[in-house]
Amino acid sequence: MRFIDVCAVQDVTPDQGRPAIADGKSVALFQVGGTIHALDNACPHGGAALSGGAVCGRHVTCRAHGWRFDVTTGELAVAPAIKVAKHPVRIDGDRVLVGIHAQP
Ligand code: FES
């Protein structure tokens, strides 16, 4: 796994998602209680960008059809078996690094 520098810590605010590219992969960053979480930036329902969804606390609502995900786990709120891939996040100084598995 490689950790990729994607943005500054202050770029990720609690009120909205932030899109980023990590090693060619689109990710959505969210901040909950000072902790930054990274999910795949594609809703498993139809592929809409979760970074553009409405954020309320630890949940983001997909703007396409309203599926609501817990950004701290990637789980769909009403059916936790449906998940968005979550990526590890490291903070290095004021930078956010997202862990991406190397492609085979
Ligand atoms: S694409 Fe996200 S709810 Fe349909």
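Residues numbered from 1 in each chain as written. Predicted model: local features only at pLDDT ≥ 70, side-chain atom pairs only at ≥ 80, totals over all residues. Heavy atoms only, no water.

- The name given to the protein in an unreviewed UniProt entry is Rieske 2Fe-2S domain-containing protein, with the source organism recorded as Denitromonas halophila.

**Examining the sheet that holds strand β1 (residues 2-8)**
The pairing of strands in a sheet comes from backbone hydrogen bonds and takes either a parallel or an antiparallel form.
Here is step 1 of the chain: The sheet built from three strands is open, its strands ordered β1-β12-β11 with antiparallel pairing. Pairing within the sheet leaves two strands with one partner each, and these edge strands are β1 and β11 (89-92). Averaged over all adjacent pairs, the angle separating strand axes in this sheet is 35 degrees, with direction ignored.
Here is step 2 of the chain: With six bridges connecting them, β1 and strand β12 (residues 95-100) associate as antiparallel partners. Paired with Asp-5 across the strands is Leu-97, a residue of β12. (Pairing = 2+ DSSP bridges. Helix = DSSP H or I, 4+ residues; strand = E, 2+ residues; numbered from the N terminus. Axes fitted to C-alpha atoms, helices over the stretch in contact; angles between N-to-C directions.)

**Considering the environment of Asp-92**
Here is step 1 of the chain: The topology assignment puts Asp-92 in strand β11.
Here is step 2 of the chain: As for Asp-92 and Val-9, which are separated by 83 residues in sequence, their C-alpha atoms are 9.1 Å apart.

**Some remarks on the packing of aromatic side chains**
Here is step 1 of the chain: In this structure the tally under the stated criterion is one aromatic pair.
Here is step 2 of the chain: Judged by centre distance (6.5 Å) and plane angle (45 degrees), the ring pair of Trp-67 and Phe-69 falls under tilted.
Here is step 3 of the chain: On the basis of relative accessibility, which here comes to 0%, the residue Phe-69 falls in the buried class.
Here is step 4 of the chain: Just above the ring of Phe-3 sits the side chain of Arg-90; from NZ or CZ to the centre is 3.7 Å. (Phe/Tyr/Trp six-rings, centres within 6.5 Å; stacked < 30°, edge-to-face > 60°. Buried < 20%, exposed > 50% of the residue type's maximum accessible area, 1.4 Å probe, protein only. Lys NZ or Arg CZ within 6 Å of the ring centre and 35° of its normal.)

**A word on the UniProt feature "domain: Rieske" (unreviewed entry) in the protein**
Here is step 1 of the chain: If you check UniProt for "domain: Rieske" (unreviewed entry), the listed places come out as residues 4-98 in our numbering.
Here is step 2 of the chain: Helix and strand shares over residues 4-98 are 0% and 53% respectively, and the end C-alpha atoms of the span are 5 Å apart. (UniProt positions renumbered as here; feature names shortened; annotations may be inferred.)

**Let's talk about the environment of His-37**
Here is step 1 of the chain: Position of His-37 among the secondary structure elements: in strand β4 (residues 35-40).
Here is step 2 of the chain: Expressed as a C-alpha distance, the spacing of His-37 and Val-27, which sit 10 residues apart in the sequence, is 9.9 Å.
Here is step 3 of the chain: Residues contacting His-37, with those up to four places away along its chain left out, are Ala-28, Leu-29, Phe-30, Val-32, Val-71, Thr-72, Lys-86 and Val-89.
Here is step 4 of the chain: For His-37, the side chain forms a polar contact with the side chain of Lys-86, separated by 3.3 Å. (Contact = heavy atoms within 4.5 Å. Polar contact = N/O pair within 3.5 Å; in protein donor to acceptor, adjacent residues only side chain to side chain.)

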